[in-house]
Amino acid sequence: MDTKIAIVKNIDQDLKFIKEAANEIREGKTVVFPTETVYGLGADALNEEAVKAIFIAKGRPQDNPLIVHVASKDISGLVEEVPDIAQNMIDRFWPGPLTIILKKKDIIPNVTSANLSSIGIRMPDNEIALKLIELSNTPIAGPSANISGRPSPTEVERCVEDLSGKVDYIIGGERSKVGVESTIVDCTVNPPVILRPGGITLEMLRQLDDRIELDSAIMEKPTGDFKPKAPGMKYKHYSPKAKVKIVSGDREKTIEKINELVHNYIDDGKKVGILSSDENRNRYKAGEIIVIGSVSKLEDVAQNLFESLRSFDDMGVDIILSEAFEEKGVGIAVMNRLKKAAGYDILSIC
Ligand code: TXA
Ligand code: MG
């Protein structure tokens, strides 16, 4: 299939591209679009055939429901009810990186929700995305715009790499500023539960209801009979081609251990990448180093995470050794993605 690619630099001057992309959505086609979290692969959420095309383009398992993107805080046409706590979240955090799970109305086809009676909805904080949804005049279903299993794309070039020839239109904008996918909070239960950590943190949500918790599956390695409430969390995710190993513990010991491992891998003829904090960048003796951000600014670490993993693949490294980051604020989301990328291969040094 021919994929049209257009980059929007200035929303007013380049409005024609967004109009063109919106026409595609209305005609049941697939459109890649930027959001503040990661790029999305969109189609009309209310059109069954269009939604099926998303699953095909990504190679996504059919039992993994899609998030529905809206351009208005009024979602009464899409869900059965909006409990007070969900309304408070919408008022406080939309537009923004927060997906709210609610009971869906029948207008949302079962392919979109993967046969669940609930649906995840969010209003992205990105001008191009909002304009696209508005002009399409329909909610847009959209998973991340990567081939299933690969790290989510935060730059349009990565979407082109994964999906050119598989989608109808790619509309590019800036690099995604949050860098990890939205926080998902299940509001079909009371108190609500966080199913996936993201840019809207546990601490922020607790300001609205201090009973909100993280689902137990977020921090732990899933066991054999694990059935996550967000079906997507059971799949291997965020994987670069290289193997990833996390080294966690005291700063000096971590540096020492990583240097030792790099040495051993190089001796074995392997090409090694190191995912380093700003603070430790000059402490490594060998290997390909990518600096991901400062330990005191985990927002930067989140923004750079997926792009760093993809860059290591471009370099052709066999193994990536990563420092661990503090599990607070957006650091919970960073470590959740990193642990999945590593298949939970974590070396803890005391
Ligand atoms: O930031 C984001 O959320 C990005 C951008 C494009 O908006 N989208 C994204 O979509 O990350 P995706 O498809 O890669 O991840 C959606 C996750 C999956 O883990 C899925 O299982 C979960 O949301 N999900 C969707 N609907 C759900 C529902 N009704 N109940 C539980 N989990 C749901
Ligand atoms: Mg995804």
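Residues numbered from 1 in each chain as written. Chains lettered and ligands numbered in written order. Predicted model: local features only at pLDDT ≥ 70, side-chain atom pairs only at ≥ 80, totals over all residues. Heavy atoms only, no water.

- The name recorded for the chain in an unreviewed UniProt entry is Threonylcarbamoyl-AMP synthase, from Clostridium cibarium.
- According to its UniProt record, the chain has this under Catalytic activity (unreviewed entry): "L-threonine + hydrogencarbonate + ATP = L-threonylcarbamoyladenylate + diphosphate + H2O".
- What UniProt records for the chain under Subcellular location (unreviewed entry) is the sentence "Cytoplasm". (UniProt positions renumbered as here; feature names shortened; annotations may be inferred.)

1. Topic: the packing of helix α6 (residues 156-163) against helix α9 (residues 298-315)
Here's step 1: Following both chains from N to C, one finds α6 and α9 inclined at 55 degrees, their axes separated by 12 Å at the closest point. Taken together, α6 and α9 sit at an angle that is classed as oblique. When you trace α6 past α9, the crossing you get is left-handed. Here α6 contributes R158, E161 and D162 to the contact with α9, which in turn contributes E307, R310, S311 and D314. (Axes fitted to C-alpha atoms, helices over the stretch in contact; angles between N-to-C directions. Helix = DSSP H or I, 4+ residues; strand = E, 2+ residues; numbered from the N terminus. Parallel < 35°, antiparallel > 145°, perpendicular 65-115°, else oblique. Left-handed = near helix turned anticlockwise from the far one by under 90°. Contact = heavy atoms within 4.5 Å.)

2. A word on the site of ligand 1
Here's step 1: In the neighbourhood of ligand 1, 29 residues make up the surrounding shell, with T37, N64, H69, S182 and G232 lying closest.
Here's step 2: The separation between an oxygen atom of ligand 1 and a polar side-chain atom of R60 is 2.8 Å.
Here's step 3: A distance of 2.9 Å separates an oxygen atom of ligand 1 from a polar atom in the side chain of R196.
Here's step 4: Protein contact buries 98% of the 690 Å² of open area that ligand 1 shows by itself.
Here's step 5: Elements that contribute at least two residues to the shell around ligand 1 include exactly β4 (67-69), β6 (118-122) and β10 (193-196).
Here's step 6: At four residues, the largest contribution of residues to the shell around ligand 1 is made by β6. (Near = heavy atom within 4 Å. Polar contact = N/O pair within 3.5 Å; in protein donor to acceptor, adjacent residues only side chain to side chain. Areas by Shrake-Rupley, 256 points an atom, 1.4 Å probe, with all protein chains shown as cover.)

3. Some details on the pattern of salt bridges
Here's step 1: Inspection of every chain in the model, using the stated rule, returns 26 salt bridges.
Here's step 2: With its nearest N and O atoms 3.4 Å apart, the salt bridge here joins E260 to K257. Highlighted residues: E260 and K257, both in helix α8 (residues 251-267), separated by three residues, approximately one helical turn.
Here's step 3: Among the charged side chains, a network of salt bridges with common partners joins R150, R158, E161, D162, E307, R310, D313 and D314. (Salt bridge = Lys/Arg side-chain N within 4 Å of Asp/Glu carboxyl O.)

4. Focus: the sheet that holds strand β15 (residues 319-323)
Here's step 1: One open sheet holds the five strands; their spatial order is β14-β13-β15-β12-β16, and the pairing between them is parallel. Where the open sheet ends on each side, the last strands, each with one partner, are β14 (288-293) and β16 (346-349). When strand polarity is set aside, the average angle formed by the axes of neighbouring strands in this sheet is 20 degrees.
Here's step 2: Relative to β14, strand β13 (residues 272-277) is paired through five bridges, and the arrangement is parallel. (Pairing = 2+ DSSP bridges.)

5. What about the packing of aromatic side chains?
Here's step 1: Counted by the stated rule, this structure contains zero aromatic pairs.
Here's step 2: Just above the ring of F17 sits the side chain of K16; from NZ or CZ to the centre is 4.6 Å. (Phe/Tyr/Trp six-rings, centres within 6.5 Å; stacked < 30°, edge-to-face > 60°. Lys NZ or Arg CZ within 6 Å of the ring centre and 35° of its normal.)

6. Focus on the nonpolar core
Here's step 1: Grouped together as the largest cluster of nonpolar side chains are 48 residues, with contacts concentrated most on V32, M89, W94, L98 and I100.
Here's step 2: Going through the elements one at a time, β3 (40-44), α2 (48-58), α3 (84-93), β5 (98-103), β6, α6 and α7 (202-206) are the ones with two or more residues in this core.
Here's step 3: Excluding anything up to four places from it in sequence, V32 contacts Y39, G40, L41, A145, C159, L163, V167, Y169, I170 and I171.
Here's step 4: The next biggest cluster of nonpolar side chains, apart from the first, holds 27 residues, and it includes V178, V244, F312 and V334. (Core = buried A, V, L, I, M, F, W, Y, C linked by side-chain atoms within 4.5 Å. Buried < 20%, exposed > 50% of the residue type's maximum accessible area, 1.4 Å probe, protein only.)

7. Examining the domain arrangement of the chain
Here's step 1: Taken domain by domain, the chain consists of domain 1 (4-214) and domain 2 (243-349).
Here's step 2: Centre-to-centre, using C-alpha coordinates, domain 1 lies 29 Å away from domain 2.
Here's step 3: At the junction of the two partners, domain 1 supplies 25 residues and domain 2 supplies 18 residues.
Here's step 4: Surface buried jointly by domain 1 and domain 2 totals about 1700 Å² across both partners, of which 49% is contributed by carbon and sulfur atoms.
Here's step 5: Counting the surface domain 1 buries against domain 2, the share from its top three residues, R158, V180 and P197, is 32%.
Here's step 6: The tally of links between domain 1 and domain 2 comes to six salt bridges.
Here's step 7: A salt bridge links E307 to R158; its shortest N-O distance comes to 2.9 Å. (Domains from an automatic or database assignment. Buried area = accessible area lost by both parts, 1.4 Å probe.)

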